[in-house]
Amino acid sequence: MERTFMAIKPDGVQRGLVGEILRRFEAKGFTLVGLKLMHVSKELAEKHYDVHRERPFFPGLVEFITSGPLVAMVWEGDGVVASARKMIGATNPLSAEPGTIRGDFGISIGRNLIHGSDAIETAQREIALWFSSEELVSWQPAAVAWLVES
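Residues numbered from 1 in each chain as written. Predicted model: local features only at pLDDT ≥ 70, side-chain atom pairs only at ≥ 80, totals over all residues. Heavy atoms only, no water.

Okay, the pairing of strand S1 (residues 3–8) next. Counting buried positions along S1 gives five out of six residues, so the element sits mostly inside the fold. Two elements, S1 and strand S3 (residues 70–76), share six bridges in a ladder whose sense is antiparallel. The residue bridging Thr4 from the neighbouring strand is Trp75, located in S3. (Buried < 20%, exposed > 50% of the residue type's maximum accessible area, 1.4 Å probe, protein only. Helix = DSSP H or I, 4+ residues; strand = E, 2+ residues; numbered from the N terminus. Pairing = 2+ DSSP bridges.)

Given below as structure tokens:
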């Protein structure tokens with residue numbers, strides 16, 4: 001079963017959107033297998049955003065993600081990486097479609113509420129970076145029989 005990493009960024013936590021965001025992924029039929037509220041260390045933030053290290057906005061990314069608590073999550077489901085990206089919406093909330101998280105609640109590109117892995121390989125790297133195997137719970141919701149074709 002495919003897994004993806006997502007994080008509700010400090011602006012989403014501060015604005016009280018954690019429950020709404022979790023609700024959307026649960027309602028879609030994905031299974032939550034990892035969840036934690038945390039303050040992100042500068043070291044973890046720099047590892048997470050390493051792909052952007054040479055870009056001029058890198059320091060701002062690190063500063064923002066460490067500015068307050070965030071909610072780190074791992075979700076599981078068929079096609080969860082691509083589907084979650086569609087549900088999240090475009091990086092710039094001004095371009096995000098209505099009905100997406102960023103389209104409905106986002107204000108600006110620098111305050112875009114949520115991070116989601118962009119590929120299966122990225123998800124695997126990010127999950128390993130943010131969660132130990134002991135922090136992930138494998139389980140099957142009773143509703144899965146109603147969500148997945150056999």
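What the rule picks out here adds up to three aromatic pairs. Seen from their ring centres, Phe25 and Trp75 are 5.6 Å apart, and the 40° between their planes marks the pair as tilted. With a gap of 50 residues between them, Phe25 in helix H2 (residues 18–28) and Trp75 in strand S3 connect regions that are remote in the sequence. The pair formed by Phe25 and Trp75 is uniform in burial state, with each residue classed as buried. Three or more aromatic residues link up through ring pairs in this structure, and these residues are Phe5, Trp130 and Phe131. If you follow Lys36 out to its NZ or CZ, it ends over the ring of Phe131, 4.6 Å from the centre. (Phe/Tyr/Trp six-rings, centres within 6.5 Å; stacked < 30°, edge-to-face > 60°. Lys NZ or Arg CZ within 6 Å of the ring centre and 35° of its normal.)

Another point: the pattern of salt bridges. Enumeration according to the criterion identifies eight salt bridges in this entry. Linking Lys42 and Glu46 is a salt bridge whose minimum nitrogen-to-oxygen distance equals 4.0 Å. A residue pair is termed a helical-turn pair when its members lie 3 or 4 positions apart in one helix, as Lys42 and Glu46 do in helix H3 (residues 42–48) at four residues. (Salt bridge = Lys/Arg side-chain N within 4 Å of Asp/Glu carboxyl O.)

What follows is about a nonpolar patch on the surface. Nonpolar side chains collect at one region of the surface, where Trp146, Leu147 and Val148 lie side by side and expose about 390 Å² of accessible area between them. Within the element layout of this structure, Val148 appears in the segment after helix H8 (144–147). The exposure class of Val148 is partly exposed, given its relative accessible area of 37%. (Patch = residues over 30% accessible without salt bridge, like charges linked within 9 Å, V, L, I, M, F, W, Y side chains within 5 Å. Areas by Shrake-Rupley, 256 points an atom, 1.4 Å probe, with all protein chains shown as cover.)

With that settled, consider the UniProt feature "active site" (unreviewed entry) in the protein chain. As annotated in UniProt, the feature "active site" (unreviewed entry) corresponds to His115 in the numbering used here. Mapping His115 onto the fold places it in strand S4 (residues 114–116). (UniProt positions renumbered as here; feature names shortened; annotations may be inferred.)

So, on to the sheet that holds S3. The four strands are arranged S2-S3-S1-S4 in an open sheet whose pairing can be described as antiparallel. Two strands lie at the open edges of the sheet, namely strand S2 (31–38) and S4, each paired on one side alone. If you compare each strand with its neighbour and ignore which way they point, the axes differ by 15° on average. (Axes fitted to C-alpha atoms, helices over the stretch in contact; angles between N-to-C directions.)

Listing the buried residues of helix H7 (residues 120–130) in full gives Ala123, Glu126, Ile127 and Trp130. When H7 is viewed along its axis, its buried side chains cluster within an angular range of 105° and face the same direction. Along H7, exposed side chains directed more than 90 degrees from the buried face belong to Glu121, Gln124 and Ala128. Against S1, S2, H3, S3, helix H5 (80–88) and S4 lie the buried residues of H7. (Arc of directions from axis to C-beta. Contact = heavy atoms within 4.5 Å.)

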